[in-house]
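Below, each chain spelled out in residue letters.
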Amino acid sequence: MRRIVLRDGIRSDGRSVTDIRPITSRCAVLPRTHGSTLFTRGETQALCVATLGSDSDAQKVDGIRGDVTASIDSEEDSPIAAAGGRGGMGLERFYLQYYFPPSSVGECGRVGPAGRRELGHGELAQRALAPAVPPQDQFPYTVRVESTITESNGSSSMASVCGGCLAMLDAGVPLTDPVAGIAMGLILEPDGSYVVLSDILGSEDALGDMDFKVAGSARGISAFQMDIKVEGITLDIMKQALAQAAAGRSHILQEMEACNPAPSRTLSRWAPKVALVQISPEKLGFLIGPFKSSRHQKQQSKQRRSSSSCSWTSSRWGRYYVSDEWRA
């Protein structure tokens, strides 16, 4: 396989080294979800579902990272912290969960909690999409994306990026830019001859020398990951790989624009509704009671979410988010 690709430039499935496999995508495949997409690239397919929630649905992350990224809010500044949460813990208002069942590769096996591979692939896809998610003051929702791989022969994490982007657009999330991902490969011989492959298959990953995943928008890269098996990857090789990845990503974004049915780009009728109400700090006592019990009452207000017609989630500077109950 390596010799034929180097000599003739033809891969095992008949493509040239820069060709991308056929891409199809469909939105609104699941009628009751807030947003859904079935994204297919060759023999790799991901079913992605986007779900919108309130601040109480944010994912708590107690990790070693001290930085605050686009998808993680510091708990000291968050509405949940104002309601009595502990400081020092991150809160992800956007998170992606990746699921790779054994059936996606024609196997039967134990189905249980996410393993190391699933966590890593989900983290990569989440980092790729996070910069495109609008800030909370523009879109006051918690966004959860679930990517279930139904078929895999190639990069399923990059399929999760593409499907997750379309699912969020179908859910009405106003992303700053569409995001796509591609996996690049490499065949490098001891004599220095090499060829860079676009959109690699599983066999090209196993028999090749590099798995270089690149994700981002038309304006730039938002996440990347590289696995290498050899030494001697030069700057020229990296420049060519990045140039081919940019061309491939541009092609994939064009194919995503041709999604049929297209993403609705509006909130689903099943999604919770959020209204922003500005309250003067001097008037907060009329809403939450005396100052000494304000923190307690705000916490009680959040706990009554499931039994009342609406919930008040406080934030700094006197802003309150009012979210209706979930539709039955």
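Anything mentioned here points back to the structure above.
Description of the structure in this document.

1. Re the environment of Ser 217
Line of reasoning, step 1. Of note, Ser 217 is situated in strand E11 (residues 210–217).
Line of reasoning, step 2. Along the sequence, Ser 217 and Ala 246 sit 29 residues apart, while their C-alpha atoms lie 9.2 Å from each other.
Line of reasoning, step 3. If sequence neighbours within four positions are ignored, Ser 217 has contacts with Asp 177, Pro 178, Arg 249 and Leu 253.

2. Points about unusual backbone geometry
Line of reasoning, step 1. Of note, the amide linkage connecting Asn 260 to Pro 261 takes the cis form, showing an omega dihedral of 0 degrees.
Line of reasoning, step 2. Secondary-structure assignment places Pro 261 in the loop between helix H6 (235–257) and strand E13 (274–278).
Line of reasoning, step 3. Here Asp 199, not a glycine, exhibits a phi torsion of approximately 55 degrees, which is positive.
Line of reasoning, step 4. Note on placement: Asp 199 falls in the loop between strand E10 (194–198) and helix H5 (202–207).
Line of reasoning, step 5. The backbone of Arg 265 sits at a positive phi, close to 60 degrees, despite the residue not being glycine.
Line of reasoning, step 6. Mapped onto the secondary structure, Arg 265 falls in the loop between H6 and E13.

3. Some details on the side chain of Arg 11
Line of reasoning, step 1. Residue placement: Arg 11 occurs in the loop between helix H1 (2–8) and strand E1 (23–27).
Line of reasoning, step 2. A distance of 3.4 Å separates the side chain of Arg 11 from the backbone oxygen of Val 17, its partner in a polar contact.
Line of reasoning, step 3. Ignoring any residue separated from it by four or fewer positions in sequence, one finds Arg 11 in contact with Val 5, Ser 16, Val 17, Thr 18, Asp 19, Leu 197, Ser 198, Asp 199, Ile 200 and Glu 204.

4. Examining the sheet that holds E10
Line of reasoning, step 1. What the four strands build is an open sheet, ordered E10-E9-E11-E12; its pairing is antiparallel. At either end of the open sheet lies a strand with only one pairing partner, and these are E10 and strand E12 (220–228). Pairwise comparison of adjacent strand axes, ignoring direction, gives a mean angle of 20 degrees for this sheet.
Line of reasoning, step 2. Taken strand by strand, helix H4 (residues 156–170) contacts strand E9 (180–188) and E11, and its axis lies near 155 degrees from that of E9.

5. Examining the pattern of salt bridges
Line of reasoning, step 1. One pass over the structure, following the stated rule, counts 12 salt bridges.
Line of reasoning, step 2. Between Glu 204 and Arg 11 there is a salt bridge whose closest N-O contact spans 2.9 Å. On the criterion of sequence distance, the pair formed by Glu 204 in helix H5 and Arg 11 in the loop between H1 and E1 is long-range, its members being 193 residues apart. Across the pair, Arg 11 and Glu 204 agree in class, each one buried.
Line of reasoning, step 3. Three or more residues are tied together by salt bridges with common partners; here these are Asp 13, Arg 15, Arg 21, Arg 41 and Asp 199.

6. Observations regarding the environment of Thr 142
Line of reasoning, step 1. Inspection of the secondary structure puts Thr 142 in strand E8 (residues 142–151).
Line of reasoning, step 2. Under the relative-accessibility criterion, Thr 142 is labelled buried at 2%.
Line of reasoning, step 3. Within polar-contact distance, the side chain of Thr 142 engages the backbone oxygen of Ser 54 at 2.8 Å.

Definitions and cut-offs
- Residues numbered from 1 in each chain as written.
- Predicted model: local features only at pLDDT ≥ 70, side-chain atom pairs only at ≥ 80, totals over all residues.
- Heavy atoms only, no water.
- Helix = DSSP H or I, 4+ residues; strand = E, 2+ residues; numbered from the N terminus.
- Contact = heavy atoms within 4.5 Å.
- Polar contact = N/O pair within 3.5 Å; in protein donor to acceptor, adjacent residues only side chain to side chain.
- Pairing = 2+ DSSP bridges.
- Axes fitted to C-alpha atoms, helices over the stretch in contact; angles between N-to-C directions.
- Salt bridge = Lys/Arg side-chain N within 4 Å of Asp/Glu carboxyl O.
- Buried < 20%, exposed > 50% of the residue type's maximum accessible area, 1.4 Å probe, protein only.

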